[in-house]
Amino acid sequence: MRLVIRSDAQTVADYIAEYIKERINQFKPTAERPFVIGLPTGSSPILVYKRLVELYNDGKLSFKNVVSFNMDEYVGLPRDHPESYHSFMWHHLLKHIDIPPENVNILDGNVDDLQSECERYETKIQLYGGIELFMGGIGPDGHIAFNEPGSSLQSRTRVKTLAYETILANARFFGGDVTKVPKLALTVGVGTVMNAREVVVIITGANKAIALAKCIEEGVNHMWTVSAIQTHPRSLVVCDDDATLELHVKTVRYFKTIEQVQDEMIGRENLGLYGQVAGPLKYKNVPSGN
Ligand SMILES: N[C@@H]1[C@@H](O)[C@H](O)[C@@H](COP(=O)(O)O)O[C@@H]1O
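Residues numbered from 1 in each chain as written. Predicted model: local features only at pLDDT ≥ 70, side-chain atom pairs only at ≥ 80, totals over all residues. Heavy atoms only, no water.

Asker: Go over the nonpolar core, please, and point to the residues and values.
Answerer: Counting 42 residues, the largest nonpolar core has Leu3, Val193, Val201, Ile203, Leu212, Ile229 and Val237 as the members making the most contacts within it. Taken together, the elements giving at least two residues each to this core come down to β1 (2–6), β3 (66–70), α4 (114–127), α6 (190–194), β9 (198–203), α7 (209–217), β10 (235–240) and α8 (249–266). The element contributing the most residues to this core is α7, with 5 residues. If sequence neighbours within four positions are ignored, Leu212 has contacts with Leu3, Ile203, Val237, Cys239, Ala243, Thr244 and Leu247. (Core = buried A, V, L, I, M, F, W, Y, C linked by side-chain atoms within 4.5 Å. Buried < 20%, exposed > 50% of the residue type's maximum accessible area, 1.4 Å probe, protein only. Helix = DSSP H or I, 4+ residues; strand = E, 2+ residues; numbered from the N terminus. Contact = heavy atoms within 4.5 Å.)

Asker: Kindly report on the packing of aromatic side chains, identifying the contributing residues and their values.
Answerer: In this structure the tally under the stated criterion is 10 aromatic pairs. The interplanar angle of 90° and the centroid separation of 5.2 Å between the aromatic rings of Phe27 and Phe35 together place this pair among those described as edge-to-face. On the accessibility criterion, Phe35 (0% relative accessible area) is buried. Ring geometry for Tyr74 and Phe146: centres 5.7 Å apart, planes at 45°, overall tilted. Note that Tyr74 is positioned in strand β4 (residues 72–74) and Phe146 in the loop between β6 (133–136) and β7 (158–161), a separation of 72 residues in sequence. (Phe/Tyr/Trp six-rings, centres within 6.5 Å; stacked < 30°, edge-to-face > 60°.)

Asker: Now, about helix α1 (residues 9–27): what can you tell me, with residues and values included?
Answerer: One turn of an α-helix holds 3.6 residues; hence residues three or four places apart share an orientation. Taking 1.5 Å of rise per residue, the 19 residues of α1 would be expected to cover 27 Å, and the 27 Å separating its terminal C-alpha atoms lies within 8% of that figure. Following α1 by one or two positions, Lys28 adopts a phi angle in the positive range, close to 50°. (Expected span 1.5 Å × (residues − 1).)

Asker: Provide a residue-level description of the side chain of Arg158, including the pertinent values.
Answerer: Relative to the assigned elements, Arg158 resides in strand β7. Among the polar contacts made by the side chain of Arg158, one reaches the side chain of Ser151 at a distance of 3.3 Å. Separated by 3.2 Å, the side chain of Arg158 and the backbone oxygen of Arg156 make a polar contact. When near neighbours in sequence (up to four residues on either side) are disregarded, Arg158 contacts Cys118, Asn147, Ser151, Ala185, Leu186, Thr187, Val188 and Gly189. (Polar contact = N/O pair within 3.5 Å; in protein donor to acceptor, adjacent residues only side chain to side chain.)

Asker: Explain the site of the ligand to me, and be specific about the residues and the numbers.
Answerer: Residues in contact with the ligand amount to 14 residues; listed here are only the nearest, Ser43, Ser44, Asp72, His143 and Lys208. The backbone of Ile138 places a nitrogen or oxygen atom 3.2 Å from an oxygen atom of the ligand. Contacts to the ligand include His143, whose side-chain N or O atom sits 2.8 Å from an oxygen atom. Considered class by class, the residues forming the shell around the ligand number 4 nonpolar, 7 polar and 3 charged. (Near = heavy atom within 4 Å. Nonpolar A, V, L, I, M, F, W, Y, C, P; charged D, E, K, R; others polar.)

Asker: Tell me about the sheet that holds β4, residues and numbers included.
Answerer: With respect to topology, 3 strands assemble into an open sheet ordered β4-β8-β7, the strand pairing being antiparallel. On the outer flanks of this sheet lie β4 and β7, each paired with one strand and no other. When the angles between neighbouring strand axes are averaged without regard to direction, this sheet yields 30°. Across 4 bridges, β7 lies against strand β8 (residues 184–187) in antiparallel orientation. Paired with Val159 across the two strands is Leu186, which belongs to β8. (Pairing = 2+ DSSP bridges. Axes fitted to C-alpha atoms, helices over the stretch in contact; angles between N-to-C directions.)

Asker: Outline the packing of helix α2 (residues 46–57) against helix α3 (residues 85–92), listing residues and values.
Answerer: Contact geometry for α2 and α3: axes closest at 10 Å, N-to-C directions at 40°. With respect to their mutual orientation, α2 and α3 come out oblique. Contact residues: Ile46, Tyr49 and Val53 in α2; Phe88, Met89 and His92 in α3. For the contact of α2 with α3, the per-class residue count stands at 5 nonpolar, 1 polar and no charged. (Parallel < 35°, antiparallel > 145°, perpendicular 65-115°, else oblique.)

Asker: Could you give an account of unusual backbone geometry, with specific residues and numbers?
Answerer: Backbone geometry at Lys28 places phi at a positive 50°, although glycine is not the residue there. Here Lys28 lies in the loop between α1 and β2 (35–39). Even without being glycine, Ala145 reaches a positive phi, approximately 55°. Following the sequence through the fold, Ala145 ends up in the loop between β6 and β7.

Asker: Explain empty space enclosed by the protein residue by residue, including any values.
Answerer: According to the stated counting rule, one finds 2 cavities of 30 Å³ or more in the structure shown. Approximately 50 Å³ is the volume attributed to the second largest cavity. Among the residues making up the lining of the second largest cavity, the classes are represented as 8 nonpolar, 1 polar and no charged. (1 Å grid on protein atoms, 1.4 Å probe; cavity = no way out; pocket = protein on both sides within 12 Å on 5 of 7 lines; lining within 4 Å. Points joined across faces, edges and corners; volume = space filled by probe spheres on them.)

Asker: For the side chain of Lys208, give the residues involved together with the corresponding values.
Answerer: Of note, Lys208 is situated in the loop between β9 and α7. When near neighbours in sequence (up to four residues on either side) are disregarded, Lys208 contacts Ser44, Ile138, Gly139, Pro140 and Ile203.

Structure (structure tokens):
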């Protein structure tokens, strides 16, 4: 796993947006071979989406041949409700870019048969050959998507009952009224996320500090479902200084020096994807720390 630490939420967003732009452009997606991306909601990715829209407006990135799968959706919240994840995605990203609407996949939490909807979603991901890059955020209890503590680390897309802590955390989007927060959601599983060829997680703010420490310094544990990324061959966590508050000083220094040494040895401009050397330099295929 790589851990990249930046000073604040804006520089974290800039880093991730630039990273995604590079990944999509390097993939050279076509209609027959689209770039399949997994996307989250929540406040953490908002700045990333804003930066991606700017990159699109500057002509540096196109989503014409990108297919998206969102992580989750509330059950029973009308699609056009301002807090549905459908509304969130169109408001913050999708309506501002050139992604064809038919390439957008978001779970439907208003169907009669929720289980079939989850199975349909998993099948569609498979039909596209899996997800190339899954971006995720986490809740303060370390959940990824809506995979609440205790979720199976092999789980697939399914219906989940939300933890009280999550309902409380998300009440801010419903005027602070916990009774208005849906209690059920559809969510991709931890296994669905881990099957992506690459996973990138945004962790910002002091309220995520304990979760980050559990994810980085402790073992894989279903009570902190994001910790499953320790077993992923290509995982990247990008956090801000505030989120590092519960990490050991030596952990922070370790990951900072890894980046520093790579910069010194290779030069940031020559770093390819996954932190490996891109060009014909003296040092080839320098390991990334994954
Ligand atoms: N299901 C979403 C998660 O996917 C998201 O990561 C989390 C954190 O949101 P925020 O970034 O607002 O802290 O909120 C919800 O629980």
